[in-house]
Amino acid sequence: MAGYALNYLALAAREVEPVCRFLGESLGLPRADIVVQGRTIPFFGIGQAGLAVFDAEDAYLEEPRYPGVHHMALGATEPAACAARHSLPVTSAGAGPDGKRFVVIDPAATVGIRTRFIEPLPIPANAGAAYKIDHLGIATNDNDGTVRVFTNNLGCPIQSTQTDIEIRNVTESFISDKYGAVYHARPPQILGGLRDVFITIGDCELELLMDYDPRMKPKDQLGEQEGNTKGDQSAIAKFVARRGPGLAHVAFATRNIDALLPKLAADGWRMIDVVGRPGGRGSKIGFVHPANFGGGLLMHFVEPQVDGGYGTRQTD
Ligand SMILES: [Fe+2]
């Protein structure tokens with residue numbers, strides 16, 4: 001296989017218990033805890049990767065520590081040699097989960113994406129409503145630099161690219177009781193958008209999310225709300241401004257999002273979406289509210305476009 005595969009994703013939570021209840025009980029992911037520096041850490045299998053749930057203050061997580069997606073660990077049988085082979089500077093090394101050797105790569109060398117190489121941990125067999133990680137959302141201001149690291153250097157292939165734009169169309173009408181109606185359409189106005197690149201890391205992708213055009217800000221606030229393209233652009237820009245580029249969210253693949261989202265709401269989880277809306281790569285997506293987990297940890301679901309067709313679809 002080309003490149004490297006995600007072995008586990010480290011989630012940092014203000015409240016660990018609800019994250020475990022969400023992953024284990026509501027999504028039905030199998031749990032096989034790991035031991036890190038003498039502490040038992042909840043560990044769930046999803047597809048070919050694991051989700052390790054840490055307290056946001058856990059000492060295994062290098063600083064700065066804050067709730068969210070903390071780091072990703074790529075599998076490598078010889079972590080230190082692997083980093084050296086790719087000329088990636090290492091800031092620390094040690095024995096991590098279940099004694100597996102790991103190295104921490106300097107985030108300055110990976111455009112802010114906190115990355116480790118680790119001797120692969122075994123992943124619990126799993127199948128269910130969330131059958132794999134679909135992607136890791138990366139807030140960035142440098143798609144090209146990120147591609148140079150993960151594709152040119154590490155050999156992880158580009159899966160696809162995409163540009164999302166929110167456009168405002170204004171039409172004026174001049175309606176006379178005597179001369180009839182004249183309609184004048186103004187040129188479409190771009191409110192904002194994102195440039196996306198998807199890079200494959202095992203059975204999921206990194207989704208790079210970059211401002212369509214940073215020069216356009218501050219821009220008309222019209223149309224900006226949680227859950228649309230303009231709102232997404234604004235959220236990415238704010239993330240980069242606050243924390244710098246890096247891991248912003250995790251998305252899980254499901255086969256029927258319009259069944260899963262209401263089920264999660266019925267389980268008592270606060271949802272941003274209870275109906276799937278248009279997402280990247282022809283998919284439908286729906287977000288879970290971070291408040292369920294004490295804030296900061298953003299997760300969403302994706303129902304991928306199964307036929308992989310290339311064409312035009314109209315959505316509501
Ligand atoms: Fe996403």
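Caption draft 1: Quick peek at the nonpolar core. Of all hydrophobic cores here, the largest spans 81 residues; its most connected members are L9, L11, L51, A52, L136, I138 and F301. Examining the composition of this core, we find that seven residues originate from one element, strand β1 (residues 6–13), more than from any other. In contact with I138, other than residues within four places in its own chain, are I113, T146, L206, E207, L208, L209, G246, L247 and A248.

Caption draft 2: Inspection of the sheet that holds strand β16 (residues 246–254) at higher detail. Reading across the sheet, the eight strands line up as β11-β14-β15-β10-β16-β19-β18-β17 and stay open at both edges, with mixed pairing between neighbours. The open sheet has two free edges, formed respectively by β11 (158–168) and β17 (277–278), since each of these has just one partner strand. Across four bridges, the pairing between β16 and strand β19 (residues 299–303) is parallel. Directly across from F252, in β19, lies its bridge partner F301. Packing of helix α4 (residues 229–243) onto the sheet brings it into contact with β10 (130–140), β11, β14 (189–200), β15 (205–211) and β16, and relative to β14 it is tilted by some 65 degrees.

Caption draft 3: Summary view of the environment of F174. The residue F174 is located in strand β12 (residues 171–176) in this model. The exposure class assigned to F174 is exposed, which follows from the 10 C-beta atoms found within 10 Å. Along the backbone, F174 and G244 are 70 residues apart, and their C-alpha atoms lie at a distance of 49 Å. The residues contacting F174, other than those within four sequence positions of it, are A181 and V182.

Caption draft 4: Broad picture of the pairing of strand β5 (residues 49–55). Within β5, six of the seven residues are buried, leaving the element largely enclosed by the surrounding structure. For β1 and β5, the ladder comprises six bridges, and the chain directions are parallel. Residue pairing in the sheet places A10 in a bridge with A52 of β5. Alignment of strand β4 (residues 43–46) against β5, held across four bridges, turns out to be antiparallel. In the strand pairing of β5, F43 is matched with A52. In this structure, the hairpin formed by β4 and β5 is closed by a connection of two residues, where G47 is found at a positive phi of approximately 60 degrees.

Caption draft 5: Spatial organisation of the environment of H184. As for its position among the elements, H184 is in strand β13 (residues 180–185). Separated by 25 residues in the primary sequence, H184 and Q159 place their C-alpha atoms 41 Å from one another. Those residues in contact with H184 that lie beyond four places of it in its chain are T171 and E172.

Caption draft 6: Main features of helix α1 (residues 16–26). Turning to α1, its buried residues number three or more, namely V19, F22 and L23. Each buried residue of α1 lies within a common arc of 85 degrees when the element is viewed along its axis, so the set occupies one face. Opposite the buried face of α1, at more than 90 degrees from it, the exposed residues are E17 and E25. In this fold, the buried residues of α1 make contact with β1, β4 and β5.

Reading the values: the criteria
- Positions within a chain are numbered from 1, following the residues in the order the chain's sequence is written.
- For this predicted model, a pLDDT threshold of at least 70 governs which residues receive local features, and a threshold of 80 or more governs which side-chain atom pairs are given and counted, while totals over whole chains, interfaces and linings are taken from all residues.
- The term nonpolar core means buried Ala, Val, Leu, Ile, Met, Phe, Trp, Tyr and Cys residues held together as one set by C-beta atoms within 7 Å.
- Buried, partly exposed and exposed are defined by the number of other C-beta atoms within 10 Å of a residue's own C-beta, namely 20 or more, between the two limits, and 12 or fewer respectively, with C-beta atoms placed from the backbone.
- Helix and strand definitions follow DSSP, with helices as H or I runs of at least four residues and strands as E runs of at least two, each counted in order from the N terminus.
- Note on contacts: residues are paired as contacts if their backbone-placed C-beta atoms lie within 7 Å.
- Strand pairing is assigned whenever DSSP detects at least two bridges linking the two strands.
- Orientation is described by lines fitted to C-alpha atoms, with helices fitted over the stretch in contact, and by angles between N-to-C directions that extend from 0 to 180 degrees.
- Directions pointing from the helix axis toward each C-beta atom define the arc.

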